[in-house]
Amino acid sequence: MIDFYNRLVRGCKTHNQFNKLHIDLENRMTPLELEALRSELSPARHTWETLFRGRQSTDPSPAQELWVQNLHRLAAKIGKPCPEPFLRHRLRRRVTLFSAGGNRSGKTLAICFSGRAQRMMMPLPVFLQNIASTQVDVAFMHDPTRNSYRLGIGGVADSLEASIDKLRDILRIEDYRSVVSIGTSGGGVPAVMCALRLNLDAALSVGGNHPDDPRWITADGTGLREIFRRHVDAAKVKPAVFLAFGTDCAKDKKSAEALASIVPARLITISVPNGSVEHNALYPVARNGGLAGLLESTVFNNSRASTQSA
């Protein structure tokens, strides 16, 4: 991992390029790769075990070591003594499966639609560390065009609905005991649509778009409200839908309330002790060690939760 990292660093000529490199790595690394990079950048210090126990070094660190230690410290907030052993499998240009192997029939598949920043509101190794790899595989989508998947998923299809339909076979969802979807920001609408269209068990949208967002109006003038009504009516089994928003983000609250008037859903206000929670609502939850609990109480609850309009 350190050789790969050093090759990338040698190509950086400016401070901005160096920062972009770190962001790109944050959006693709697994917890195992983060641990490998940390141990190679600072051998015999800041191990996962010592961070888990709350020990921290005060030694001065170069920029790259400071970056990796801060990232590692955030991933360790969940309190697990070891990194989750997810391995990366590229299925399509914009579709990646993270799995630790094992029999799919006993696992849950989480289909994740990232937002405009190409992440689930936090670095990928942090998000994955909050998920039990023995129980869950993670399918990760990203849309670098920043069109919220309105033009489809790269390498899959050129429309969102066609892309969702193809995910059934690409991800082999029939092999899993349970399948759920999670979307953040621009990925919130696709996550809910995916759950309805593929008859999934549950969906969680965090900071998703408003159903009256004009960007979602199709060429024939159809808006999201009508599209979602069609999907709700056509769904063979209604998924448990959770629409979450930061307690300090009035815009996201209005969006969730509007969507809940169309799709049966439970509204969830996200807050943390002694801190504000804006649009990027999952990050402060992870920073406070509560992300795994939030996921377990919503989409990873294996019994199909009854939903209610809020």
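Enquirer: Just checking my understanding: could you explain the overall build of the protein chain for this structure?
Expert: Looking only at helices and strands, the protein chain features 12 helices and eight strands. Compactness check: the protein chain gives a C-alpha radius of gyration of 19 Å against a globular reference of 19 Å for 310 residues, within 12% of the reference. Summarising its shape, the C-alpha atoms of the protein chain cover approximately 60 × 40 × 40 Å along the three principal directions. Counting contacts in the protein chain only where the partners sit at least 6 residues apart, residues at least 24 apart contribute 72% of the total.

Enquirer: Honestly, the nonpolar core in this entry has me stumped. Any pointers?
Expert: Soluble, globular proteins show a tendency: their nonpolar side chains are buried together. If you look at the biggest cluster of nonpolar residues, it comprises 50 residues, and the most contacted ones within it are Phe127, Ile182 and Ile270. Sort the elements by how many residues they give to this core and helix 5 (residues 63–75) lands first, with five residues. In this view, isoleucine 182 contacts Ala110, Ile111, Cys112, Phe113, Met120, Phe127, Ala191, Leu204, Leu295, Val299 and Phe300; residues no more than four positions away in its chain are not counted. With 45 residues, the next largest nonpolar core counts Ala157, Ala203, Ala256 and Ala260 among its residues.

Enquirer: For this particular structure, what's the right way to read the pairing of strand 3 (residues 108–113)?
Expert: For a regular strand, side chains alternate in direction, first toward one face of the sheet and then toward the other. For strand 3, a buried count of six out of six residues is recorded, marking the element as mostly surrounded by other parts of the structure. Bridge count between strand 3 and strand 4 (residues 136–141): six bridges; the pairing is parallel. Within the sheet, the bridge partner assigned to cysteine 112 lies in strand 4 and is phenylalanine 140. Remark: the strand 3/helix 6 (residues 124–129)/strand 4 crossover connection has right-handed handedness. Bridge count for strand 3 against strand 5 (residues 178–184) is six bridges, and the pairing is parallel. Across the sheet, the residue bridging to cysteine 112 is isoleucine 182, located in strand 5.

Enquirer: In this structure, what is going on with the packing of aromatic side chains? I would like to understand it.
Expert: Think of a pair of aromatic rings as described by two things: how far the centres are apart, and how the planes are tilted against each other in angle. Taken as a whole and judged by the stated rule, the model has one aromatic pair. With a centroid separation of 5.4 Å and an interplanar angle of 85 degrees, the aromatic rings of phenylalanine 113 and tyrosine 149 are classed as edge-to-face. Here the residue phenylalanine 113 occupies a position in strand 3, and tyrosine 149 occupies one in the loop between strand 4 and helix 7 (160–170), the gap between them amounting to 36 residues. Each member of the pair, phenylalanine 113 as well as tyrosine 149, carries the same accessibility label: buried. Above the face of the tryptophan 216 ring, arginine 150 is positioned so that its terminal group lies 5.7 Å from the ring centre.

Enquirer: Got a minute to help me understand helix 2 (residues 15–26) in this structure?
Expert: Residues spaced three or four apart along an α-helix face the same direction, because each turn holds 3.6 residues. Helix length check: helix 2, at 12 residues, gives a terminal C-alpha distance of 17 Å against a target of 16 Å (1.5 Å per residue), a fit within 8%. Among the residues making up helix 2, those that are buried are Phe18, Leu21, His22, Leu25 and Glu26. When helix 2 is viewed along its axis, its buried side chains cluster within an angular range of 135 degrees and face the same direction. Those residues of helix 2 that are exposed and aimed more than 90 degrees away from the buried face are Asn16 and Lys20.

Enquirer: So what exactly am I meant to see when it comes to unusual backbone geometry here?
Expert: Leaving glycine out, the prevailing phi sign among residues is negative, and the prevailing peptide bond configuration is trans. The residue serine 148 is not glycine, and still its phi comes out positive at about 55 degrees. Of note, the phi angle at asparagine 274 is positive, near 55 degrees, even though the residue is not glycine. Tracing the backbone shows asparagine 274 in the loop between strand 8 (266–270) and helix 11 (282–287). Of the residues examined, asparagine 274 reaches a relative accessible area of 85% and is grouped as exposed.

Enquirer: Before we go on, may I ask you to explain the sheet that holds strand 3 in this structure?
Expert: The pairing of strands in a sheet comes from backbone hydrogen bonds and takes either a parallel or an antiparallel form. Spatially, eight strands are ordered 1-2-4-3-5-6-7-8 in an open sheet, and the strand pairing comes out mixed. A single partner strand is all that each edge strand has here, and the edge strands are strand 1 (87–92) and strand 8. On average, adjacent strands in this sheet sit at an angle of 20 degrees to one another, irrespective of strand direction. Docked against the sheet, helix 8 (residues 188–197) engages strand 3, strand 5, strand 6 (202–206) and strand 7 (240–246), running at close to 170 degrees with respect to strand 6. This element, helix 10 (residues 250–260), spans strand 7 and strand 8 of the sheet and lies at about 160 degrees to strand 7.

Scoring rules and cut-offs
- Residues numbered from 1 in each chain as written.
- Predicted model: local features only at pLDDT ≥ 70, side-chain atom pairs only at ≥ 80, totals over all residues.
- Heavy atoms only, no water.
- Helix = DSSP H or I, 4+ residues; strand = E, 2+ residues; numbered from the N terminus.
- Rg over C-alpha atoms; globule rule 2.2 N^0.38 Å.
- Contact = heavy atoms within 4.5 Å.
- Core = buried A, V, L, I, M, F, W, Y, C linked by side-chain atoms within 4.5 Å.
- Buried < 20%, exposed > 50% of the residue type's maximum accessible area, 1.4 Å probe, protein only.
- Pairing = 2+ DSSP bridges.
- Right-handed = clockwise from strand over helix to strand, strands pointing away.
- Phe/Tyr/Trp six-rings, centres within 6.5 Å; stacked < 30°, edge-to-face > 60°.
- Lys NZ or Arg CZ within 6 Å of the ring centre and 35° of its normal.
- Expected span 1.5 Å × (residues − 1).
- Arc of directions from axis to C-beta.
- Axes fitted to C-alpha atoms, helices over the stretch in contact; angles between N-to-C directions.

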